[in-house]
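Results of the structural survey
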Amino acid sequence: QVQLVESGGGLVQAGGSLRLSCVASGIINSINWMAWYRQAPGKQRELVAGITRSGATEYGNSAKGRFTISRDNAKNTVFLQMSTLKPEDTAAYYCRWARDRFAYGEDYWGQGIQVTVSS
């Protein structure tokens, strides 16, 4: 059974930093897209950052310049370094591993981890 486990979330003051980790266990085949999404109450889920196995990256507009995604393929781990956090970053963050970015029928999701940024 495949599991994605996120860690590193929590409560932080505005202006602070957090680093999220997502570790995959089990056998996962043909993964080319590893990404972080987030969803706040009353808002749609949005892409925060994504990275391919080859290292190409994509960032959502809200993340560009503040967040950095990276991965360690050998350890089946993807990271999200978040800096200069703002209250509007408060959301549940989800890790996603997929065959491809738009291959929603062949993907895995973590349970989500809460990030709360206080004023």
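As the structure is a prediction and not an experimental result, all values here were calculated from the model.

Let's talk about the pattern of salt bridges
This model, assessed by the stated rule, comprises 5 salt bridges. Put simply, Glu46 and Arg38 hold a salt bridge, and the shortest N to O gap is 2.8 Å. Note that Arg66 is salt-bridged to Asp89, the shortest N-O span being 2.8 Å. Of this pair, Arg66 sits in the loop between strand 6 (57-59) and strand 7 (67-72) while Asp89 is found in the loop between strand 8 (77-82) and strand 9 (91-98), placing the two residues 23 residues apart along the sequence. Take Arg66 and Asp89: they sit in the same class, and that class is buried.

Here we look at the environment of Gly112
Here Gly112 shows up in the loop between strand 10 (107-109) and strand 11 (113-118). Linking Gly112 and Tyr93, residues 19 residues apart in sequence, is a C-alpha distance of 5.3 Å. Setting aside anything within four residues of it in sequence, one finds Gly112 in contact with Glu6, Tyr93 and Tyr94.

Brief notes about the nonpolar core
Within the largest apolar cluster, 28 residues are counted, with the highest numbers of intra-cluster contacts made by Trp36, Val78, Leu80, Met82, Tyr93 and Trp97. Broken down by secondary-structure element, the contributors of at least two residues to this core are strand 3 (18-25), strand 4 (33-39), strand 5 (46-52), strand 7, strand 8, strand 9 and strand 11. Counting residues in hydrophobic clusters, the runner-up holds 5 residues, among them Trp33, Tyr37, Leu47 and Ala98.

Examining the packing of aromatic side chains
In this structure the tally under the stated criterion is 1 aromatic pair. On the basis of an interplanar angle of 50° and a centroid distance of 5.2 Å, the ring pair of Tyr37 and Trp109 is categorised as tilted. With Tyr37 in strand 4 and Trp109 in strand 10, this pair connects stretches of sequence that are 72 residues apart. With relative accessibility at 7%, the residue Tyr37 sits in the buried group. One cation-aromatic arrangement involves Arg45 over Tyr94; the distance from NZ or CZ to the ring centre is 4.3 Å.

Here we look at the sheet that holds strand 7
Spatially, the 4 strands line up as an open sheet ordered 1-3-8-7, and their pairing is antiparallel. Across the chains shown, the open sheet's two edge strands, defined by having one partner strand only, are strand 1 (3-7) and strand 7. Neighbour to neighbour, the strand axes of the sheet diverge by 15° on average, direction disregarded. Bridge count for strand 3 against strand 8 is 6 bridges, and the pairing is antiparallel. Each residue of the ladder has a partner; that of Arg19, found in strand 8, is Gln81.

A few points about the state of the cysteines
Following the criterion strictly, the structure yields 1 disulfide and no others. Two residues, Cys22 and Cys95, share a disulfide whose sulfurs are 2.1 Å apart. Measuring the twist about the S-S bond at about -85°, one finds the Cys22-Cys95 disulfide to be left-handed. On the criterion of sequence distance, the pair formed by Cys22 in strand 3 and Cys95 in strand 9 is long-range, its members being 73 residues apart.

Reading the values: the criteria
- Residues numbered from 1 in each chain as written.
- Predicted model: local features only at pLDDT ≥ 70, side-chain atom pairs only at ≥ 80, totals over all residues.
- Heavy atoms only, no water.
- Salt bridge = Lys/Arg side-chain N within 4 Å of Asp/Glu carboxyl O.
- Helix = DSSP H or I, 4+ residues; strand = E, 2+ residues; numbered from the N terminus.
- Buried < 20%, exposed > 50% of the residue type's maximum accessible area, 1.4 Å probe, protein only.
- Contact = heavy atoms within 4.5 Å.
- Core = buried A, V, L, I, M, F, W, Y, C linked by side-chain atoms within 4.5 Å.
- Phe/Tyr/Trp six-rings, centres within 6.5 Å; stacked < 30°, edge-to-face > 60°.
- Lys NZ or Arg CZ within 6 Å of the ring centre and 35° of its normal.
- Pairing = 2+ DSSP bridges.
- Axes fitted to C-alpha atoms, helices over the stretch in contact; angles between N-to-C directions.
- Disulfide = S-S within 2.5 Å.

Geometric descriptors of this kind do not, in isolation, establish any biological role.
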